[in-house]
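Structure assessment
One letter stands for each residue in the lines below.
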Protein chains: 2
Amino acid sequence: MASVRIALDVMGGDHAPQSTLDGAKQALDSWPDLVLLLCGDEARLKALLPKHGLEGFLGSRIELLHAPTVVTMEDKGTAVLKEKKDSSMRVAAQAVREGRAHGVVSMGHTGAAMVASSMVIGRLEGVDRPGLACVMPNKQGRPTVLIDVGSNVDCRAEHIAQFGVMGAVYAEQVLGVPNPKVGVLSVGEEETKGTEVTREAAALLRTLPLNFAGNAEGRDIWNGNFDVIACDGFVGNVVLKSSEALAGAIVAGIREALTSSMTAKLGALLVKPGLKNFFRKLDYREYGGLPLLGIKGVSVIGHGSSDAKAVKNGIGAAMRTFEGKVSERISAGIAGLLPKD
Amino acid sequence: MASVRIALDVMGGDHAPQSTLDGAKQALDSWPDLVLLLCGDEARLKALLPKHGLEGFLGSRIELLHAPTVVTMEDKGTAVLKEKKDSSMRVAAQAVREGRAHGVVSMGHTGAAMVASSMVIGRLEGVDRPGLACVMPNKQGRPTVLIDVGSNVDCRAEHIAQFGVMGAVYAEQVLGVPNPKVGVLSVGEEETKGTEVTREAAALLRTLPLNFAGNAEGRDIWNGNFDVIACDGFVGNVVLKSSEALAGAIVAGIREALTSSMTAKLGALLVKPGLKNFFRKLDYREYGGLPLLGIKGVSVIGHGSSDAKAVKNGIGAAMRTFEGKVSERISAGIAGLLPKD
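The notes below deal with the structure included here. (Residues numbered from 1 in each chain as written. Chains lettered and ligands numbered in written order. Predicted model: local features only at pLDDT ≥ 70, side-chain atom pairs only at ≥ 80, totals over all residues. Heavy atoms only, no water.)

Some words on helix H5 (residues 157–173) of chain A
- Compared with the 24 Å implied by 1.5 Å per residue over 17 residues, the 24 Å span of H5(A) between its first and last C-alpha is a close match.
- Counting buried positions over the 17 residues of H5(A) gives 14, a clear majority of the element. (Helix = DSSP H or I, 4+ residues; strand = E, 2+ residues; numbered from the N terminus. Expected span 1.5 Å × (residues − 1). Buried < 20%, exposed > 50% of the residue type's maximum accessible area, 1.4 Å probe, protein only.)

Have a look at this one:
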């Protein structure tokens, strides 16, 4: 069995390195073809391995890549290119660039992870701004790809159009959606609705050989009317964070309602199995991280608050993105779809 | 008892005039001090009154204002100023301008209702763009005012700052929140995060004698960390529509889980009372409509898909907004807060 080599930014995330090392252990136990390149301060990592049950993997399925510094939330995204070239995040991306790893996983500073992936691993031809894609589970039980959720702010129309193209290739080639229906996120379905930028992005997408269906609205993220919704990373990020918090608040409210009285508590026992299954679908930790589309390799970027389970699933997402040849497929797809200069 | 006179755009909304007339009946039955000015084609309205049990109110608590045309979703928002001056929406706003009504309620084209309210009723001094405010029920059981959710797109920094100011006055004076904490919606809490416009809006708000707390993130809409969150109407509209659809999908998923087996069905009976209460909080029909802040009068704008219950509650919201002297309070508050030219 050929191994899949993933570089893990051990120091990225609110609960790192505990959560990342525990997640690494779970991933190594789950997937025998996984090899992990752990990026962080080598001496510190070496000392931590036994505590997380990882020392047995060293030399066979774990390699250590020395990175003395860490990108913090106070750093600018571009710090990985300048003052923090020796950070765990940059070193992990570098491993992909040099062909030592197939993909990189980071739960650190999203902006910095996007810069490291775009600039160090490099963008595909025809892509100005790689986009972070989130696969939303919709009401009809099918996926909707929302792209960009990675805070690419002040996007121009062509950036949003490229997000639409990459999302369409991802939906078709990776998620198996035939002829995916693409929309541009706006404030009304009519062509006249939206900002100058969204209207121009829609006009660009309309000229391409895509199943472009015009403007999508906020509700379309969840109702299954579109397979791909392209948007500026500002609104995508706000919607994603707001949705996570709303779902969390609703789940908390329901838990409270289920324990509000003795009768409710009894009923809760009976409805628990069905609800548990449903609640799991709403839990971002199940997805682990989001693929950055449009780069020459694999990069999965996770939540800062990721726990071990989320880290494990993020590593799994990177493995699937590599095995699914997402980068190659987007490269081929975008070559056929993007307007020629 | 002094009466409260509300002009109702009978023809506005997806289910008008059935839903608006049924809602009018419910409102008249609920609030004895309410007088309704029904705006629409007079002959048609007169013929419809008996079917909705309204004929007994005519001449006492119902007046008819003739408006032969209707603003449709295909019209531009500005149609109320030009080709559709005789529309039910414009005639309703005109009644407020002329002092014949204390407030207007419309479930029609949101953009057109905002134009009619801003231009016909008129803006308060110091307000460039009135903002549609949504009071979100947050996790801590306190309200968070999100403004603007009314699709004011391509806002400049001073517009967003004014939304923050109006939201703060509304939270303090109407919702009774002492010294409300105000934020600007962005993609990270650090000052450097966001677009040029959001960073400038934050800089403007920082100079005012307000409890301004910097950037809010998507999650802050639901977690109760801010009392007021100001944003461009594009992102506000997308978040609002997305949240409604997500909440709807979660409620539907939970209903399904509660009927997935005989055991679950039995349990569902026991947990129903607690859940019902909670689900009600998520139902936009309970709120009926949103107040447009920054105009010289009262305007409540509801959902296009409003049913009779939502229309009734929208009329109730307009009555409370009038009785709460919201417009006067915002006018006084904004005079003390806005920077002088």
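A short note on the nonpolar core
- Ranked by internal contacts, the top residues of the largest apolar core, which has 118 residues, are Ile254(A) and Ile254(B).
- When near neighbours in sequence (up to four residues on either side) are disregarded, Ile254(B) contacts Ile254(A), Leu275(A), Phe278(A), Phe279(A) and Phe279(B). (Core = buried A, V, L, I, M, F, W, Y, C linked by side-chain atoms within 4.5 Å. Contact = heavy atoms within 4.5 Å.)

A few points about the interface of chain B and chain A
- Contacts between chain B and chain A engage 52 residues on the former and 52 residues on the latter.
- At the boundary of chain B and chain A, one finds two salt bridges.
- At the surface where chain B touches chain A, the tally comes to six residue pairs in polar contact (both at pLDDT 80 or more).
- Of all the secondary-structure elements, those providing two or more residues to the side of chain B that touches chain A are helix H6 (196–206), helix H7 (220–223), helix H8 (233–258) and helix H9 (262–281) of chain B.
- It is H8(B) that contributes the most residues to the side of chain B that touches chain A, 18 residues altogether. (Salt bridge = Lys/Arg side-chain N within 4 Å of Asp/Glu carboxyl O. Polar contact = N/O pair within 3.5 Å; in protein donor to acceptor, adjacent residues only side chain to side chain.)

Comments concerning a positive patch on the surface
Residue and element names in this part refer to chain A.
- On the surface, Arg255, Lys272, Lys276 and Arg280 cluster together into a patch of positive charge.
- Looking at which element gives the most residues to the positive patch, the answer is helix H9 (residues 262–281), with three residues.
- Tracing the chain through its elements places Lys276 in helix H9. (Patch = residues over 30% accessible without salt bridge, like charges linked within 9 Å, V, L, I, M, F, W, Y side chains within 5 Å. Areas by Shrake-Rupley, 256 points an atom, 1.4 Å probe, with all protein chains shown as cover. Lys, Arg positive; Asp, Glu negative; His and termini not counted. Charge placed at Lys NZ, Arg CZ, Asp CG, Glu CD.)

Let's talk about the relation of the copies chain B and chain A
- Mapping chain B onto chain A calls for a screw motion: a turn of 180° about the axis and a shift of 0.0 Å along it, with 0.1 Å RMSD after fitting. On this basis, the relationship between the two copies can be described by a two-fold rotation axis. When C-alpha positions in chain B are compared against the rotation axis, the closest is assigned to Gly267(B), at 2.0 Å.
- A symmetric contact is evident, with 100% of the interface residues of chain B recurring at the interface of chain A. (Least-squares fit on C-alpha atoms with pLDDT ≥ 70 in both.)

Considering the sheet that holds strand E6 (residues 143–147) of chain B
Residue and element names in this part refer to chain B.
- Pairing is mixed across the open sheet formed by 11 strands, whose spatial order is E3-E2-E1-E4-E11-E10-E5-E6-E9-E7-E8. Only two strands of the sheet have a single neighbouring strand rather than two, namely strand E3 (62–66) and strand E8 (211–216). Between one strand axis and the next, the sheet turns through 25° on average, direction left out of account.
- Looking at chain direction, strand E2 (residues 34–40) and E3 are connected through five bridges and run parallel. Across the sheet, Leu37 pairs through a bridge with Glu63, a residue of E3.
- Contacts between helix H1 (residues 18–30) and the sheet are confined to strand E1 (4–9), E2 and E3, with E2 contributing the most and set at about 170° to the helix. (Pairing = 2+ DSSP bridges. Axes fitted to C-alpha atoms, helices over the stretch in contact; angles between N-to-C directions.)

A short note on the pairing of strand E4 (residues 103–106) of chain A
Residues and elements named next belong to chain A.
- Burial of the side chains of E4 extends over both faces: Gly103 and Val105 are buried on one face and Val104 and Ser106 on the other.
- Of the strand pairs in this sheet, strand E1 (residues 4–9) and E4 are connected by three bridges, and their pairing is parallel. For Ile6, the partnering residue across the bridge sits in E4 and is Gly103.
- Relative to strand E11 (residues 298–301), E4 runs parallel, the two being bridged by four bridges. Note that in E11 the partner of Val105 across the bridge is Val300.

Things to note about H9(B)
- Over its 20 residues, H9(B) extends 28 Å from the first C-alpha to the last, a length consistent with the 28 Å expected when each residue adds 1.5 Å.
- In the structure, H9(B) departs most strongly from a straight axis at Val271(B), where the bend amounts to approximately 60° and where the proline Pro273(B) lies between one and four residues downstream.
- Inspection of H9(B) places Ala264(B), Gly267(B), Ala268(B), Val271(B), Leu275(B), Phe278(B) and Phe279(B) among the buried residues, and these make up the whole buried set.
- Structurally, H9(B) contributes buried residues whose contacts are with helix H8 (233–258) and H9 of chain A together with H8 of chain B. (Bend = angle between axes of the 7 residues up to and from the residue.)

Observations regarding the side chain of Thr198(B)
- By secondary structure assignment, the location of Thr198(B) is in helix H6.
- Residue Thr198(B) is classed as buried on the basis of its relative accessible area of 5%.
- With near-sequence residues (within four places) excluded, Thr198(B) lies in contact with Phe234(A), Val184(B), Leu185(B), Ser186(B) and Lys193(B).

Examining the sheet that holds strand E7 (residues 181–185) of chain A
Residue and element names in this part refer to chain A.
- Across the sheet, which stays open at both edges, the 11 strands sit in the order E3-E2-E1-E4-E11-E10-E5-E6-E9-E7-E8 with mixed pairing between neighbours. The open sheet has two edge strands, strand E3 (62–66) and strand E8 (211–216), and neither has a second partner. Between one strand and the next, the sheet's axes are offset by a mean angle of 25°, whatever the strand orientation.
- The pairing of E7 with strand E9 (residues 228–230) spans three bridges and is parallel. Bridging from a neighbouring strand, Val182 pairs with Val228 of E9.

A few points about the packing of aromatic side chains
- Following the criterion strictly, the structure yields zero aromatic pairs over all chains and no others.
- Above the face of the Phe226(A) ring, Lys181(A) is positioned so that its terminal group lies 5.1 Å from the ring centre. (Phe/Tyr/Trp six-rings, centres within 6.5 Å; stacked < 30°, edge-to-face > 60°. Lys NZ or Arg CZ within 6 Å of the ring centre and 35° of its normal.)

Some thoughts on the environment of Ala216(B)
Residues and elements named next belong to chain B.
- Summarising the element assignment, Ala216 is placed in strand E8.
- Placed 15 residues apart in sequence, Ala216 and Cys231 show a C-alpha to C-alpha distance of 9.8 Å.
- Not counting the four nearest positions on each side in its chain, Ala216 is found in contact with Val184, Leu185, Ser186, Phe226 and Ile229.

With respect to the environment of Val238(B)
- Here Val238(B) lies in helix H8.
- Distance in space between the C-alpha atoms of Val238(B) and Gly150(B) is 9.7 Å, their sequence separation being 88 residues.

Considering the pairing of strand E2 (residues 34–40) of chain A
Residue and element names in this part refer to chain A.
- The element E2 is largely enclosed, with a buried count of seven among its seven residues.
- Of the two faces of E2, the one carrying Leu34, Leu36, Leu38 and Gly40 and the one carrying Val35, Leu37 and Cys39 are both buried.
- Summarising the sheet, E1 and E2 pair through six bridges and their orientation is parallel. Bridge pairing in E2 places Ala7 opposite Leu37.

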